[in-house]
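# Summary of structural features
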Amino acid sequence: MTHVVHRPHPHDSGPLHVTGTAPYVDDLPTPANALHACFGLAPVGHATIDTLDLSAVWAAPGVVDVVTAADIPGENNAGPVIHDEPLLADGTILFPGQALFCVFAETRLAARKAARLFTLESTELPALTTVDEAVEAHSFLHGPLVFERGDVSKAIEDADYSSSSRLYIGGQEHFYLEGQGSLALPSADGLHIISSTQHPSEIQDLVAEALNISAAEVTVEVRRMGGAFGGKETQAAPLSIIAALGANRTGRAVRFRLDRDDDFVLTGKRHDFRADIRVGFDASGLIKGVDGILASRCGYGHDLSRAINDRAMFHADNAYFYPALELTSLRAKTHTVSNTAFRGFGGPQGMMLAERLVDKVAAAVHRDPLDVRLANLYNETDRSVTPYGMTIEDNVLPQLMPQLAETSDYRARRAAIIDANASAGRSPVRRGIALTPVRFGISFTTSFLNQAGALINIYKDGSILLNHGGTEMGQGLFVKVAQVAAEVLGVGLDDVKISSTRTDKVPNTSATAASSGSDLNGWAAKLAALELRNRLTAFWCAEQGIDGGLTFAQGRVSTEDGQSWPFAEVVRAAYMGRVSLSATGYYRTPKIDWDAKTGQGRPFLYFAYGAAVSEVEIDTLTGANRVIRADILHDVGRSLNPDIDHGQIEGGFVQGMGWLTMEELVYSARGDVLTHAPSTYKIPCASDRPDVLNIDLFDNANAEDTIFKSKAVGEPPLMLAISVHSALAHAVSSFSPRGRWPDLDAPATAEEILRTIATERTQAL
Amino acid sequence: MTQISMTVNGKAVSADVEDRTLLVSFIREHLGLTGTHVGCETSQCGACTVHVDGQAMKSCSMLAVMAQGAEITTIEGLAPSADTLHPVQEAFREHHGLQCGFCTPGMIMSAADMIRRYEGKLDEKTIREQLEGNLCRCTGYHNIVKAIEAAAETMAQSGETQTASA
Ligand code: FES
Ligand code: FES
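Starting afresh in each chain, residues are numbered from 1 along the sequence in its written order. Chain letters start at A and ligand numbers start at 1, both assigned in the order the entries are written. For this predicted model, a pLDDT threshold of at least 70 governs which residues receive local features, and a threshold of 80 or more governs which side-chain atom pairs are given and counted, while totals over whole chains, interfaces and linings are taken from all residues. Working from all heavy atoms in the structure, the side-chain values ignore hydrogens and water.

### Description of the layout of surface pockets
Put simply, the test is: Think of a 1 Å grid over just the protein atoms. A cavity is a set of points where a 1.4 Å probe fits yet cannot get out, a pocket is an open set with protein on both sides within 12 Å along at least five of seven lines, and lining residues have an atom within 4 Å of a point. Grid points are joined across faces, edges and corners, and a volume is the space filled by probe spheres set on the points. Runs of E in the DSSP output that reach at least two residues are strands. Runs of H or I that reach at least four are helices, and both are numbered from the N terminus. Three categories are distinguished: nonpolar for Ala, Val, Leu, Ile, Met, Phe, Trp, Tyr, Cys and Pro, charged for Asp, Glu, Lys and Arg, and polar for the others, with Gly belonging to the last.
Estimated volume of the largest pocket: approximately 1100 Å³. For the largest pocket, the lining is made up of 39 residues, of which Thr-107, Arg-108 and Leu-109 of chain A together with Ser-25 and Glu-29 of chain B are closest to its centre. Among the secondary structure elements, those contributing two or more residues to the lining of the largest pocket are helix H3 (108–114) and strand S12 (254–257) of chain A together with strand S2 (11–17) and helix H1 (23–30) of chain B. Of the residues forming the lining of the largest pocket, the biggest block, six residues, is contributed by H3 of chain A. When grouped by side-chain class, the residues that make up the lining of the largest pocket number 15 nonpolar, eight polar and 16 charged. Counted as a void, the second largest pocket has a volume near 810 Å³. Forming the boundary of the second largest pocket are 38 residues, of which Val-81, Glu-202, Thr-446, Phe-448 and Leu-449 of chain A lie nearest the centre. Looking at the lining of the second largest pocket, the elements that each hand over two or more residues are helix H6 (200–211), helix H9 (305–314) and strand S25 (593–595) of chain A.

### Some points on the interface of chain A and chain B
Size of an interface: often given as the accessible area lost when the parts come together. We count it as follows: Whether two residues are in contact is decided by their heavy atoms, any of which lying within 4.5 Å being enough. Once two parts are put together, the accessible area they lose, assessed with a 1.4 Å probe and summed over both, is termed the buried area. Salt bridge, as used here, is a side-chain nitrogen of Lys or Arg placed within 4 Å of a carboxyl oxygen of Asp or Glu. In the analysis that follows, any N or O atom pair within 3.5 Å is treated as a polar contact, provided that within protein one partner can donate a hydrogen and the other can accept it, and provided that, for residues neighboring in sequence, both atoms belong to side chains.
Opposite the 50 residues of chain A that make contact, chain B presents 43 residues. Taking both sides of the interface into account, the surface hidden between chain A and chain B amounts to around 3700 Å²; carbon and sulfur atoms contribute 56%. Looking only at chain A, the three residues that lose the most surface to chain B are Val-18, Leu-177 and Ala-686 of chain A, adding up to 19% of its buried area. Here chain A is connected to chain B by five salt bridges. Between Glu-663 of chain A and Arg-137 of chain B there is a salt bridge, and its shortest N-O distance comes to 2.7 Å. Viewed at the interface, chain B and chain A are joined by 22 residue pairs in polar contact (both at pLDDT 80 or more). When residues of the side of chain A that touches chain B are traced back to their parent elements, those giving at least two are helix H1 (14–17), H3 and helix H17 (642–661) of chain A. Looking at the side of chain A that touches chain B element by element, the count peaks at seven residues for H17 of chain A.

### Some points on empty space enclosed by the protein
All names here are of chain A. For the structure on display, the rule yields 13 cavities of 30 Å³ or more. In this structure, the largest cavity encloses a volume near 410 Å³. Looking at the largest cavity, it is lined by 30 residues, and the ones nearest its centre are Met-473, Gln-475, Ser-515, Gln-648 and Gly-714. Every element with two or more residues in the lining of the largest cavity is listed here: helix H14 (477–489) and helix H15 (517–544).

### Here's the deal with the domain arrangement of chain A
Residue and element names in this part refer to chain A. So the rule is basically this: All the domain ranges listed were derived from an automatic or database domain assignment.
Each assigned domain of chain A is listed here: domain 1 (34–125 + 180–257), domain 2 (273–445 + 596–764) and domain 3 (451–588). One C-alpha centre belongs to domain 1, the other to domain 3, and the line joining them spans 39 Å. Counting the surface lost from both domain 1 and domain 3, the interface buries some 1400 Å², and carbon and sulfur atoms represent 50% of this. Looking only at domain 1, the three residues that lose the most surface to domain 3 are Gln-198, Ser-201 and Arg-223, adding up to 34% of its buried area. Taken together, the connections running from domain 1 to domain 3 amount to one salt bridge. The shortest N-O distance in the salt bridge between Glu-221 and Arg-502 comes to 3.1 Å. Taken together, the links from domain 1 to domain 3 amount to seven residue pairs in polar contact (both at pLDDT 80 or more). Considered class by class, the residues forming the side of domain 1 that touches domain 3 number seven nonpolar, eight polar and four charged.

Shown next as structure tokens:
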């Protein structure tokens, strides 16, 4: 029996948040002479820099220092994997809004004012901004990834039916409520950087490379972020590098908080995609072959685009077996901001392809899409190998989906909706419903990233300090990992003190990303705690002449025959007996091996599953739409903390709903982000949430040896919102001729819904 | 520069500020009360909500000089004493109405004002509509709404809705 894990515990910072006393980077007290940084942003798109005159910037009141690319002592780079993203423009402007230089001034306002006073002479170069343009021009970051099985052309030709379509899937701005921010503090021992980042170790490396110093001279710390969602995995780096540079040059602390509009312009977003789909199937809707091309807008540089597009490929089948297939992934290079990680990391876009093709098939064979989905699911016998050669061993969808259909009354509601739409007459209201599954692979697909470290110190009074490489962005990672440590050491959750993530405590960590935070850091903490428990056990058994083991629970250490001592007493005795009370834990994910060259292997330790039923209503005169009800059944294994997991599921679903229905990024012809503030870029607000939202956890222990049999939960729920998009298409399909499924793109804004209704009406004539 | 004086969380404060200083900058930078957050600075997100003379206000949409003589309450001053929480704070904590917590102070200040305006008579739909000016990117608003409902009930029962805001 467990005492601390598998139980609801509120977020550890809750009491501080409600009183406004949980500091974020920009809330920290800074030395009185701290400087403020601001980038000067390119007012043009792709261009060569002829002259950049900064004399007025230098002359502006309060300006202390100004730096350009030439002033960077080491590498002028903010790119994480491939070093193709200059920190400051050097010779060429690669996208509108690129940072040209940085000002350091006495106040934030002085820095921001000065940053606008430059004179740029440039020569405009041709710009490719959309996926369509880049693919047409063969502009790619690198070569395609292709998955193949069998003879797909023949499979589609031989099939009873086939269908071809194109789907555009929009990007998404993270809109973490706390914008990007960093604080660099110089000291005799080196640089201390406090950043709002998911990846302190990477910032440490990039700072060291840019300043030409060793990583050991740079400490990066993060206590909490005000949301991140992937947007602070790599995108936090430029601010920290430049703040570090400023601190190094001036010997003064440097604060940098991006203005929200600059944040929108300067930082990457979710990749937008174009999916071309050809599918062959039989009269029952069984898929015979899939030929798909996924092309994405990566922007001007690599960032994480390779891994993101790889993951789009890993999920282009979602839950379905494609007997024959050819899937191609094109990574378009454009003159726009470099796109980046966003919850789901390409997976959601891949799944959109799968769900659209199933809807197309179902419409063509006149079946309930749920039946076609069920018929095409992976099984554990002859239909269990993914396009990349991994055999699925833990599929729960064949149980999970019917269970959800049952509890949500899907079939009866669908019948009622179809009837109501058919008899709607002149009423502008149409409804739609859809049940879609999610199967999301858990592990970093870049295999070496699947490692983590933790440090636990027990002090003489029995108190425990926990540190690990994971970062807290609101997802509840710290409380979950603390639960693990408390469980293993048999103490209360309050006895474990949580501390900020620091590169000088636990080094060489991976980003808190890929939903892996508690899987990796939970295990590392468990191993550290086990090490300490074993030391205490060995010592105490010898000391007391105990044969057999000890149990650690509820603050006490006990023998099997009922003798028991307070944990703190055993700890003090162990200290006196010269036992080390500090231990590190190190974990690496077993079993995974993925070869990017062959496109084959096991990229994931396991899969997280879920499904959602969404019912929507559209107004066919205005395109206005809303989700009336959603029912979710989601597999988090044996939940470490059901309350936190519920929150992740709900938040992920609503964020996914925003992506697919209302969040629309608009670019100018030369690639400026025109929707660069919340005034023009709409995220869901309180009244957009479905009127009814039922969330249940699917009872299922993880088949793999994960931390207390739990499953990752950060990203998978976002993709449950694909059911909303499918339901909207269903509502629109009430105007389609029989057998047709509308080509509704994402986001399904009011305009997009009206456009699609108009198309369907013409088709029906 | 203009000299301004006002009462913040019950204490008289005065300072010389540039005319263009936003109330939120005054609160955060001059007074060091950093619980009031800046999410957008364009009056869209609600993270900076405070009470000005008892009414919820986005402090980024107001100049500090406009608050001359006003009574301001920020999240740090909402609780009746150092060791008791305001019922809305208590409800947010108890109902897990937060994840990253960045929106939380603004949410709580808006909620307290909403409860006052509706004298504690709030249903879910009204709360959702009234909360449109406060964005949260982490939660799906469910627990936030639940917390506000619970706080409204507590406050209506104890007759606190008249004095929801100092
Ligand atoms: S910061 Fe004031 S509303 Fe966003
Ligand atoms: S809890 Fe993160 S924005 Fe609301």
